[in-house]
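Breakdown of the fold
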Amino acid sequence: MGDEEREDARHRGERRGPMGRLLAPLLVRRARAYARDCVGYLVLPAAMLPIGIPLAMHIGDAGTARAVALVSSAIPPLLAALWAARAESGPRASTWGKRREGLRLETMRGGPGGPDGADGPDGARVPFARAFVRNLVKIAIPWQLGHVVAVGAVYGDFDTGAAGTMVATVLLYGVVIALVGTVMLGSGRGIHDRIAATRVVGDRR
């Protein structure tokens, strides 16, 4: 275990046995927290249905309808990222799901700006901009890639081998695997945490 991982484990009050050296110590709690948050995020696309369905029904041109679908589908992921960033940069430093699991987000050295490449000392509140970047990578990008793939499937892109949808599919799998893998293994700092110089910590349980 490296110095950074030992410090993370000590800070979180976690004991790491042989299996803990492979799997992240907060994996289960973070998974439950994210599942809870996702239920809340689903309210966003549901709220758009009364507008989106009538709008789609009145668009006769397939190209225009596809463009409208792609643009409108980007709104819920962006709003979810903003929602999560506001919560994680706020006084509680956590989303609703994280609070239920006794988790919070904090800064780590190595972020953009400030002395030694950090916005503040370890354990400081995460600025909104960094929390937003973190959630763009974690929520908005994979969610919207999924929308691009789904819209492409509806329009038969997998039958025609359309390049845009094929690239989006490869990127979607790559991003999801990278996100899940980095959160599951080692210290549990996902690529979104590494980009934003943040970490998730928890109380003792």
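Refer to the structure presented above.
One structure accompanies this document, and this report is about it.

The rules we used
Residues numbered from 1 in each chain as written. Predicted model: local features only at pLDDT ≥ 70, side-chain atom pairs only at ≥ 80, totals over all residues. Heavy atoms only, no water. Helix = DSSP H or I, 4+ residues; strand = E, 2+ residues; numbered from the N terminus. Buried < 20%, exposed > 50% of the residue type's maximum accessible area, 1.4 Å probe, protein only. Phe/Tyr/Trp six-rings, centres within 6.5 Å; stacked < 30°, edge-to-face > 60°.

**Observations concerning the environment of Tyr173**
Structurally, Tyr173 can be placed in helix 9 (residues 163–184). Since its relative accessible area comes to 57%, Tyr173 is described here as exposed. Along the chain, Tyr173 and Leu145 lie 28 residues apart, while their C-alpha atoms are 9.4 Å from each other.

**Structural notes on the packing of aromatic side chains**
Overall, the coordinates contain 2 aromatic pairs when judged by the stated rule. Note on Tyr41 and Trp83: the rings are 5.7 Å apart at their centroids and 75 degrees apart in plane angle, and the pair reads as edge-to-face. Of this pair, Tyr41 sits in helix 2 (residues 27–41) while Trp83 sits in helix 5 (residues 75–88), and the two are 42 residues apart along the sequence. Tyr41 sits in the buried class, given a relative accessible area of 6%. Classification of Trp83 as partly exposed rests on a relative accessible area of 43%. Centroid distance Phe128 to Phe132: 6.0 Å. Interplanar angle 5 degrees. Geometry classified as stacked. Residue Phe128 and its partner Phe132 are both found in helix 7 (residues 128–154); the two are separated by 4 residues, about one turn of the helix. Judged by relative accessible area, Phe128 falls into the partly exposed class, the value being 40%.

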